[in-house]
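Coordinate analysis (summary)
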Amino acid sequence: MPTTQTEMAAADRVLRTEYQKSVARYWNAEKDPVNIRLGEVDGLYHHHYGIGDYDPSVLEGPEATRDQRIIEELHRLETAQAEVLLDHLGDIGPGDRLLDAGSGRGGTSFMANQRFGCQVDGVSISEQQVSFANSQAEERGVSDRVKFRFRNMLDTGLETGSRRGIWTNETTMYVDLSELFGEFARLLEYGGRYVCITGCYNDVTGGRSKAVSRIDEHYTCNIHPRSEYFRAMAANSLVPINVVDLTAQTIPYWELREKCSVATGIEDPFLTAYKEGSFHYLLIAADRV
Ligand code: GPP
Ligand code: MG
């Protein structure tokens, strides 16, 4: 946390609003077992949900090890989600540079570096997460290629046109999309790819359902309607090439998570929102033109 005058001035430059400060406080304090115990499975710490069917055999077998089996299975589904995100980045070479916008404890960044061998920069407004992720980079021996910075994704300070690819893995609900995509359009080279995985509410059912409001309240975020993503992309030279509705694929993750000791209580609102159709789990890949 910032203590000296210089550190406090730096924090004020990154955290411009009271809202951003409150989000940073939340993530600086966060040590939830649903994230830590899953990360400890293999050292990849994620801050997103999972996709794909779970293996029902994890629910059987010895009672004493059941919880650990579920934790490992949830972690496998979260890693599978990040693989699908990376699949949509297109051809990335070792000389390319990528940005993980809202990089959390670094899980997706390390997977990208492992897959493409390229440089990955992560930005986060949580100094705690930045320091955790940089320690992970040291431990993994990739700190020369994967770097995390205490920066605001709306104003990263990174070089214009420097990015072949950018992604947001469940982070866009904390920011204004026009501002965010304006910054991404600046950072991406011509033909560069942006991949977004997000939860968004359904314009067709109309407005924010009670279950979606409970999710907002739980994470101090502001879930956007589906339409807002496409409006803000179109206004910022980002042209969608793929839109994948992952809702059906994420429901098993939440059903399994509900049965685990690390459940946080937000499982029921997610399942309700997805099943009633007021909320989607969406992947959007778009090219910078
Ligand atoms: C959670 O990561 C993601 C968010 C906080 C954004 C909200 C996402 C939506 C799709 C609406 P996490 O892994 O830290 O959450 P949890 O602690 O619940 O696992
Ligand atoms: Mg989690």
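Preceding this paragraph is the structure being described.
This write-up is about the structure you can find in this document. No experiment lies behind these values; they were computed from the predicted model shown.

1. Structural notes on the environment of E83
Along the chain, the position of E83 falls in helix α4 (residues 66-87). Apart from residues no more than four positions distant in its own chain, E83 is found in contact with M111 and R115.

2. Quick look at the site of ligand 1
Not every one of the 15 residues close to ligand 1 is listed here, only the nearest: W27, N35, H47, Y219 and R257. N35 places a side-chain nitrogen or oxygen 2.9 Å from an oxygen atom of ligand 1. Look at ligand 1: alone it shows 500 Å² of surface, and the protein chains cover 99% of it. Contributions of two or more residues to the shell around ligand 1 are made by α3 (33-39) and α8 (210-219).

3. Quick look at the packing of aromatic side chains
Following the criterion strictly, the structure yields 15 aromatic pairs and no others. An angle of 65 degrees between the planes, with centres 5.0 Å apart, marks the rings of Y49 and F270 as edge-to-face. One end of the pair, Y49, is in the loop between α3 and α4; the other, F270, is in helix α11 (residues 267-276), and 221 residues separate them in sequence. According to the relative accessible area criterion, F270 is buried, its value standing at 2%. Centroid distance F184 to Y194: 5.0 Å. Interplanar angle 55 degrees. Geometry classified as tilted.

Here is what the cut-offs are and how they apply
- Residues numbered from 1 in each chain as written.
- Chains lettered and ligands numbered in written order.
- Predicted model: local features only at pLDDT ≥ 70, side-chain atom pairs only at ≥ 80, totals over all residues.
- Heavy atoms only, no water.
- Helix = DSSP H or I, 4+ residues; strand = E, 2+ residues; numbered from the N terminus.
- Contact = heavy atoms within 4.5 Å.
- Near = heavy atom within 4 Å.
- Polar contact = N/O pair within 3.5 Å; in protein donor to acceptor, adjacent residues only side chain to side chain.
- Areas by Shrake-Rupley, 256 points an atom, 1.4 Å probe, with all protein chains shown as cover.
- Phe/Tyr/Trp six-rings, centres within 6.5 Å; stacked < 30°, edge-to-face > 60°.
- Buried < 20%, exposed > 50% of the residue type's maximum accessible area, 1.4 Å probe, protein only.

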